[in-house]
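Residue-level listing of the chains:
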Amino acid sequence: MPVGGTSQQNSLQLPGQTAMIRPSPELLAVSRRWYEILRTKKNTGELRDFLSADDELRFIGTGEGEFWNGSAVRDGVGGFFAAIAAPDVFEELEAEAFENGETGWSSFVHRIRFAGFDEAVIYRTVLIFVLQGAAWKIVNRHASVPTPNIELVGREQLAIQKLVDAAREEGPELIQTEGLASVLFTDIEGSTALAEALGDQRWSVVIDSHFQILAQIIQAHRGQFVKSLGDGTLSVFPSANEALAAATEMQAAVASAPEEPYLGLRIGIHTGDVVQSRGDFFGTVVNKASRIAAAGVAGDILVSDATWSAPSELAHRYV
């Protein structure tokens, strides 16, 4: 979704140089706290603190006429979302964030179903940030619900999609491959509250160090660190035994960390057929591994039956 690696490197910007666009784990964390409030409907009054107090603030919703600006947005945003019932499905499908000097942006895709409705709806949201003082503030929020172009303009408008499809088919690294793998997901229990307590800048440093430790363990056990997802990671292994060994070492590393804060790591592993394309992995196995991790508590390593019964070496290696 999605998001690529989020490790950041310090860079020196000389006078006259253009700022570098780079992935931003900090803005991913800020954005996810915004969406967590929307998901739980708890403390919606805090949403105003995410927004810039400048008159240039813009809020663009999915409803007709929902194009608002200025202080009214900041004062009314809590009531706007509080009036919407809490969803019974709130699934993140894609997420990415970037920063460029004192500006940044995040793009998210969610599948949401509200109580009383049979079907979920896809929501796409872009948040644009500016760095004001020491805090990132939203200056533009734009949400949309996909509608087929054929219904809007009478044409399918496939020019961009054809180029995207063609790019996916070019080059050996873009060819899809299939095979068995053990998929390992991690995430951190209570990360939203922890990030709020630490502040965005400190949290960014903590989570980046955490990812580096996990990446080293994954590599040592012949795994592939596929990507980070906010406070979590996705990795794949050619052996269920290696995935279990890596998970055990991850928990030991977290438990023995010499510095605060303590990170409540939970891990889920599932084994089965996956599809690899453009350096990412897809399939129901990936989705189930994510759900297994989410079902645990801090310190857990939850493993599916398919992983317990998997052969020591899987039929197809990706790493």
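To start, this report covers the structure provided alongside it. (Residues numbered from 1 in each chain as written. Predicted model: local features only at pLDDT ≥ 70, side-chain atom pairs only at ≥ 80, totals over all residues. Heavy atoms only, no water.)

**Let's talk about the overall build of the protein**
Note the following rule: Comment: elements are numbered from the N terminus, with helices defined as DSSP H or I runs of at least four residues and strands as E runs of at least two. We call a residue buried when its accessible area falls under 20% of the maximum for its residue type, exposed when it is over 50%, and partly exposed in between, using a 1.4 Å probe and counting protein chains only. Using a 1.4 Å probe, accessible areas were evaluated by the Shrake-Rupley method; residue-level cover was limited to the displayed protein chains.
Within the protein one finds 9 helices and 13 strands. By residue count, 41% of the 319 residues in the protein fall in the buried class. Accessible surface, the protein as shown: approximately 17,000 Å² in total, 51% of it carbon and sulfur.

**A few points about the nonpolar core**
As a reminder of what qualifies: Definition of nonpolar core: a set of buried residues of the types Ala, Val, Leu, Ile, Met, Phe, Trp, Tyr and Cys, connected through side-chain atoms within 4.5 Å. The contact definition used throughout considers only heavy atoms, calling two residues in contact when any of these lie within 4.5 Å.
With 24 residues, the main nonpolar core has Leu184, Trp203, Phe237, Met250, Leu263, Ile267 and Ile269 as its most contacted residues. Among the elements that make up this core, the one with the highest residue count is helix H6 (residues 200-220) (7 residues). With sequence-adjacent residues up to four places away left out, Trp203 is seen in contact with Ala29, Ile188, Ser191, Leu194, Ala195, Leu198, Asp231 and Leu263. Residues Trp34, Tyr35, Leu38 and Val77 belong to the second largest nonpolar core, which totals 22 residues.

**A short note on the sheet that holds strand E2 (residues 58-60)**
To keep things clear, this is the line we draw: In this scheme, strands are said to pair when DSSP sees at least two bridges between them. Between N-to-C directions, angles cover 0 to 180 degrees, with each direction set by a line fitted to C-alpha atoms, over the stretch in contact for helices.
On the basis of which strands lie adjacent, the open sheet formed by 7 strands has the order E1-E4-E5-E6-E7-E2-E3 and mixed pairing. In this open sheet, the two strands that pair with only one neighbour each are strand E1 (22-23) and strand E3 (67-69). The pairing of strand E6 (residues 121-132) with strand E7 (residues 135-144) spans 9 bridges and is antiparallel. Counted as the bridge partner of Thr125 is Ala143 from E7. Most of the contacts of helix H1 (residues 25-40) go to strand E4 (residues 87-100), to which it runs at about 155 degrees, and overall it touches E1, E4, strand E5 (103-114), E6 and E7. Strands E2, E3 and E7 of the sheet are contacted by helix H2 (residues 71-82), whose axis makes an angle of about 125 degrees with E3.

**Thoughts on the packing of H1 against H6**
Heads up, the condition is: In this scheme the handedness of a crossing depends on how the near helix is turned from the far one: anticlockwise by less than a right angle means left-handed, clockwise means right-handed. When residues are grouped by polarity, Ala, Val, Leu, Ile, Met, Phe, Trp, Tyr, Cys and Pro land in nonpolar, Asp, Glu, Lys and Arg in charged, and all others, Gly among them, in polar.
Between H1 and H6, the least distance of the axes is 9 Å, while the angle of their chain directions is 115 degrees. Between H1 and H6 lies a crossing whose hand is right-handed. Contacts between H1 and H6 involve Pro25, Glu26, Ala29, Val30 and Arg33 on the former and, on the latter, Asp200, Gln201, Trp203 and Ser204. Here the contact of H1 with H6 is built from residues that sort into 4 nonpolar, 2 polar and 3 charged.

**Digging into the pattern of salt bridges**
Applied cut-off: Salt bridges, as used here, are contacts in which a Lys or Arg side-chain nitrogen is within 4 Å of a carboxyl oxygen on Asp or Glu.
Tallied over the full model, the rule gives 9 salt bridges. Here Asp75 makes a salt bridge to Arg48, at a shortest N to O gap of 3.0 Å. Of this pair, Asp75 sits in helix H2 while Arg48 sits in the loop between H1 and E2, placing them 27 residues apart in sequence. On the basis of relative accessible area, Arg48 is assigned to the partly exposed category, the value being 29%.

**Here we look at the environment of Ala243**
Here Ala243 is to be found in helix H7 (residues 240-255). A residue is classified by how much of its surface remains accessible, and Ala243, at 0% relative accessible area, is buried. When neighbours within four sequence positions are excluded, Ala243 is seen to be in contact with Ser182, Leu184, Phe237 and Ile269.

**Examining the pairing of strand E9 (residues 224-229)**
For E9 and strand E10 (residues 232-237), the ladder comprises 5 bridges, and the chain directions are antiparallel. Directly across from Leu229, in E10, lies its bridge partner Gly232. Counting the residues between successive antiparallel strands, the hairpin from E9 to E10 contains 2 residues, one of them, Gly230, with a positive phi of roughly 70 degrees.

**Quick look at the pairing of E10**
Most of E10 sits out of view: 6 of its 6 residues are buried. Burial along E10 is two-sided: the face carrying Gly232, Leu234 and Val236 and the face carrying Thr233, Ser235 and Phe237 are both buried.

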